[in-house]
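# A structural walkthrough
The primary structure of each chain is shown beneath.
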Amino acid sequence: MILDIRGMKMQFGGLVAVDNLNLSLEQGELVGLIGPNGAGKTTVFNVITGVYAPTQGTITLEGRDITGMRPDLITRLGVARTFQNIRLFSRMSVIENILVSLHWRLGSSVFDAIFQNRKYRSEEASMRSRAMDLLARVNLDSVADLPAGSLPYGSQRRLEICRALATEPRLLLLDEPAAGMNPAESIELMKFIGRIRDEFGLTILLIEHQMRVVMGISERIVVLDHGIVISQGTPREVSRDPRVIAAYLGVEQHA
Amino acid sequence: MSRFLKRDLVILVLAAVVIAWANGDLEGLLGIPGWQSYGVRIINMCAINAILALSLNLVNGFTGQFSLGHAGFMALGAYTTALLTMDMAAKDRVFFMTPLVEPLRNLTLPFLPSLILAGLIAGLFSLVVGIPALRLRGDYLGIATLGFAEIIRLIIQNVRKVTNGALGLKGIPQVVNLWWTLGSAFICYLMLRNLINSSYGRALKSIRENETAAQAMGIDLFKHKLLSFFISSFWAGVGGGLLASLLTTIDPVQFKFHLTFQVLLMVVLGGMGSLSGSIIAAGIVTYLMEFLRIVEETHYWGSITIPGIPGLRMVIFSLALVLVVVWYPKGLMGDSELTAQGVKAFLGRFRKTLRLKGGRPV
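To keep things clear, this report deals only with the structure shown in the data block. (Residues numbered from 1 in each chain as written. Chains lettered and ligands numbered in written order. Predicted model: local features only at pLDDT ≥ 70, side-chain atom pairs only at ≥ 80, totals over all residues. Heavy atoms only, no water.)

## Examining the overall build of chain B
- For chain B, the helix and strand inventory stands at 17 helices and two strands.
- In terms of C-alpha radius of gyration, chain B reaches 22 Å, essentially the compact-globule figure of 21 Å for 362 residues.
- Once the C-alpha set of chain B is aligned to its principal axes, its extents read approximately 80 × 65 × 50 Å.
- Relative to its 362 residues, chain B shows a buried fraction of 46%.
- Residue pairs at least 24 apart in sequence account for 77% of intrachain contacts in chain B once pairs closer than 6 positions are excluded.
- Accessible surface for chain B amounts to roughly 18,000 Å². Of this, 70% is attributable to carbon and sulfur atoms.
- A distance of 9 Å separates the average location of the 30 positive side-chain charges in chain B from that of its 17 negative side-chain charges. (Helix = DSSP H or I, 4+ residues; strand = E, 2+ residues; numbered from the N terminus. Rg over C-alpha atoms; globule rule 2.2 N^0.38 Å. Buried < 20%, exposed > 50% of the residue type's maximum accessible area, 1.4 Å probe, protein only. Contact = heavy atoms within 4.5 Å. Areas by Shrake-Rupley, 256 points an atom, 1.4 Å probe, with all protein chains shown as cover. Lys, Arg positive; Asp, Glu negative; His and termini not counted. Charge placed at Lys NZ, Arg CZ, Asp CG, Glu CD.)

Pasting the structure below:
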C-alpha cells in the first residue's frame, strides 16, 4: 500500500468539504477520483499534498505519517501533483520549468552556484541533460527554450505533467488533466497517462469530473459527492450504481 | 566558453584604463589629468545606486517579494562602516554630547573589512527582520519591511552611545574612489548574475511566478526567500557603507523612506527582473537628479525672472514614475537583459521605422 487515508475530514468554518474519507492506493494502481463540481475532489488533493492540514484523520505514505507536513517536504517524499488551473512558471522557459523540479536534489551550495565552480557546473550539466531527457519523453524537447506561457494549451498540460514527473515521484496526483479538452484530445491524453504510468512505475490518482474520460484507463473509481464517498469499484460497477447516477443527473422527484 | 571570457577580459581591461584615467591615476604616470571631481562624483553615485537597485531588484523583481526595507539596511551598513573606519580622534570630536562606548571608541579597521562587516551586519539584521516578515505575502510584507526599516532608523537615532543620535557622524574618512564604487558594483553584478542564472535563481523566479506550484515542486519557500533577502540586504549594507565614505557625513534623517522610494524608482524604471535594466536606470536617475537641479535654480531671461522651486525635481520624478507605470509598465527592459543581439535587433527595427517614415520603399 503506497497511500492510506484514514477517516479524513476537512472542514472550512461551517463547511465540511470532505467527511470521513477512507482511501488506499496499491502500488502501481491508477485510480480515478470523480464527482460533480464542488464534491471535494481538489480538497482531497490539497490535503494529501500538505496544502491543508486535515481537521481529522491521518494520511500515511508508504507507512510514514505525513498528515499536515509541509508541501515541499511531501513532494520530496515522492508525491507530485498537477493543478486544475494550469500553474506553470509561465515567464520561464520550458526547460527551466523542469529544472525547478530538479532543484531540491541539488548538492551544490549557494556559494558553489555563485562562484560557478566545477562541482556546480557539472551538476548543472547533468540537470540539463536529465531535463532534456524528460522533455523528449513528452515530445517537448523541440520547444525547450520557449517561454512556457507561449505553448498551446495541450502542450502546457503535458509540460505540467512532465514538471511533476521531474521531482521523481512514486505517487502522481493529476487534477483534471483533461479539463478544457475535446473528446479526441482527452482520449489521447488518457493514453499518454497510461503510458507514463508504465514507463515511470507510478501510482496515479486522477481527478476528473467527466466519467467517460476515466472509464477507459482507471482500474478503480472512487465517487465523491458533497465530501462523502458514495460509491467505489470498477468503472463498470460504478457506472451502474444508482447513487452515482443520482449524483450526476439528480433524482426524480415524485409529487 | 573561452571566447566569451576573452571578450569579457578585453572589456574589463578597457574599463580599467578608463577608470584609471578618470580617477587621475594616469596623471603621475603619463601626465594625463583625471576628470573633474563633479563628474567623478556623479559616476560614484551611479555605481552606488546601481548596487542598491540591483540588490533591491533581487528581492522585488526576481523573487517577487515586495520589500520596502532597503533604507534601513543601508543605514546599518553606513553606520557600521563609519564607526569602524573613523579613528579615535575623529570619534571624540563627533561624540561630544555622549561619549562612544568603549570597544568601538578604540576600534579602527581598514576600509575593506569595514565594508564587508557592514554588509554582514545588514545581512544579519535582514534575518532578524525576515524570519517573521517573510511569512507575509504581498502588501503585508511591504508594510512590515517598511516598518522594520523605520524601527532600525529610530534605534539609530536613539542609541546615542553608539550612533551619536540625531547629530549624526561627521569626518568619516573618504576612502572611496572610482575603483571602490565601480569595483563593488561590478562584483555585485557578477554575483547576482551568477546567482540568478543558477539553479537557486530559477528557484527564486519560480517563487515569483507561482508560490503554490514552486512549493509543490519541492522548493523550500521560506529558505529561498530568506536567502534572497539576505543577499539583497548584504549589498544594501555595502552600498550604504560606500555612501557613508563618499559623503563623509551621515545622519538618521538621510535614511528615511524616501531613500527606499528612490531605489524602488530605479528598479521599476529599469524593469523588475532585469539586472541590466537596474544598472541603466540607476545611471539615468542619478544623472537626472543632478541635471534637473536647473529647475530648482532661479533663472533670469532678460526682464523675465523664473523663480526656482526647491523640491521640484522630486515632482518631476514622481510624474516620470506615473508615466512609466501607465505607458511602460514593464520598465525599460522588462525582465530581459541587455545583450549585443538585443541591441542589434533594436537598432534594426529603429532603422526600419526611420526608413518607413522617410517614405522611401524598404
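## A word on the overall build of chain A
- The helix and strand inventory of chain A stands at ten helices and ten strands.
- Since a compact globule built from 255 residues should have a radius of gyration of about 18 Å, the 19 Å found for chain A is in line with a globular shape.
- Principal-axis analysis of the C-alpha atoms places the extent of chain A at approximately 75 × 40 × 30 Å.
- Counting only residues that meet the buried cut, chain A has 53% of its 255 residues in that class.
- Taking contacts inside chain A between residues at least 6 apart in sequence as the whole, the part at least 24 apart equals 66%.
- Of the roughly 11,300 Å² of accessible surface on chain A, a fraction of 52% belongs to carbon and sulfur atoms.
- Chain A carries 28 positive and 28 negative side-chain charges, and their two centres are separated by 3 Å.

## Thoughts on the environment of B:Asn158
All names here are of chain B.
- Positionally, Asn158 belongs in helix H8 (residues 138-158).
- A residue is classified by how much of its surface remains accessible, and Asn158, at 58% relative accessible area, is exposed.
- Sequence spacing of Asn158 and Gly183 is 25 residues, and the spatial spacing of their C-alpha atoms is 34 Å.

## What to know about the pairing of strand E9 (residues 220-225) of chain A
Residues and elements named next belong to chain A.
- Taking burial as the measure, the six residues of E9 include six buried ones, the bulk of the element.
- Side chains of E9 alternate between two faces, with Arg220, Val222 and Leu224 and Ile221, Val223 and Asp225 buried alike.
- Where strand E3 (residues 30-34) and E9 come together, four bridges link them in parallel fashion. When the sheet's bridge partners are listed, Gly32 is paired in E9 with Ile221.
- Bridge analysis of E9 against strand E10 (residues 228-233) gives five bridges, and the strand direction is antiparallel. Within E10, the position partnered with Leu224 by the bridge is Val229. (Pairing = 2+ DSSP bridges.)

## Details of the interface of chain B and chain A
- The partner chain A presents 32 residues to the 26 residues of chain B that form the contact.
- Here chain B packs against chain A, burying approximately 2,600 Å² in sum over the two surfaces, 61% of which is carbon and sulfur.
- Counting the surface chain B buries against chain A, the share from its top three residues, B:Tyr200, B:Arg202 and B:Met217, is 29%.
- Taken together, the links from chain B to chain A amount to five salt bridges.
- Looking at the side of chain B that touches chain A, the elements with two or more residues in it are helix H10 (178-196), helix H11 (199-209), helix H12 (211-216) and helix H13 (221-247) of chain B.
- Here the side of chain B that touches chain A takes eight residues from H11(B), the largest share from any one element.
- Considering only residue class, the side of chain B that touches chain A consists of eleven nonpolar, nine polar and six charged. (Buried area = accessible area lost by both parts, 1.4 Å probe. Salt bridge = Lys/Arg side-chain N within 4 Å of Asp/Glu carboxyl O. Nonpolar A, V, L, I, M, F, W, Y, C, P; charged D, E, K, R; others polar.)

## Structural notes on the pairing of strand E7 (residues 171-175) of chain A
Residues and elements named next belong to chain A.
- Most of E7 sits inside the fold, with five of its five residues counted as buried.
- Sheet analysis places strand E6 (residues 79-81) next to E7, joined by three bridges and oriented parallel. Across the sheet, residue Ala80 finds its bridge partner in E7, namely Leu172.
- Taken together, the five bridges between E7 and strand E8 (residues 203-208) define a ladder with parallel strand orientation. Note that in E8 the partner of Leu174 across the bridge is Leu206.
- Regarding topology, helix H7 (residues 183-200) serves as the crossover connection from E7 to the parallel E8, and that connection is right-handed. (Right-handed = clockwise from strand over helix to strand, strands pointing away.)

## Remarks on a nonpolar patch on the surface
Residue and element names in this part refer to chain B.
- Residues Ile280, Ile284, Leu332, Leu338, Val343, Phe346, Leu347, Phe350 and Leu354 make up a contiguous nonpolar surface patch of roughly 780 Å² in combined accessible area.
- For the nonpolar patch, the secondary structure elements donating two or more residues are helix H15 (275-291) and helix H17 (340-357).
- Considering each element in turn, the nonpolar patch owes the most residues, five residues, to H17.
- As for its position among the elements, Leu354 is in helix H17.
- Given a relative accessible area of 51%, Leu354 falls into the exposed group. (Patch = residues over 30% accessible without salt bridge, like charges linked within 9 Å, V, L, I, M, F, W, Y side chains within 5 Å.)

## Brief notes about the nonpolar core
- A:Leu172, A:Ile193 and B:Leu169 are the most contacted members of the largest nonpolar core, which has 127 residues in total.
- Among the elements that make up this core, the one with the highest residue count is H13(B) (twelve residues).
- Core analysis: the next-biggest nonpolar cluster, separate from the first, contains 28 residues, A:Leu33, A:Ile48, A:Leu61 and A:Leu224 among them. (Core = buried A, V, L, I, M, F, W, Y, C linked by side-chain atoms within 4.5 Å.)

## Some words on the sheet that holds E3(A)
Residue and element names in this part refer to chain A.
- The strand order across the open sheet built from six strands is E6-E7-E8-E3-E9-E10, with neighbouring strands paired in mixed fashion. With one partner strand each, in any of the chains shown, E6 and E10 form the two edges of the open sheet. Looking at each pair of strands side by side, their axes are set apart by 20° on average, direction ignored. (Axes fitted to C-alpha atoms, helices over the stretch in contact; angles between N-to-C directions.)

So, to be careful, I would describe these as geometric facts and stop short of saying anything about function.
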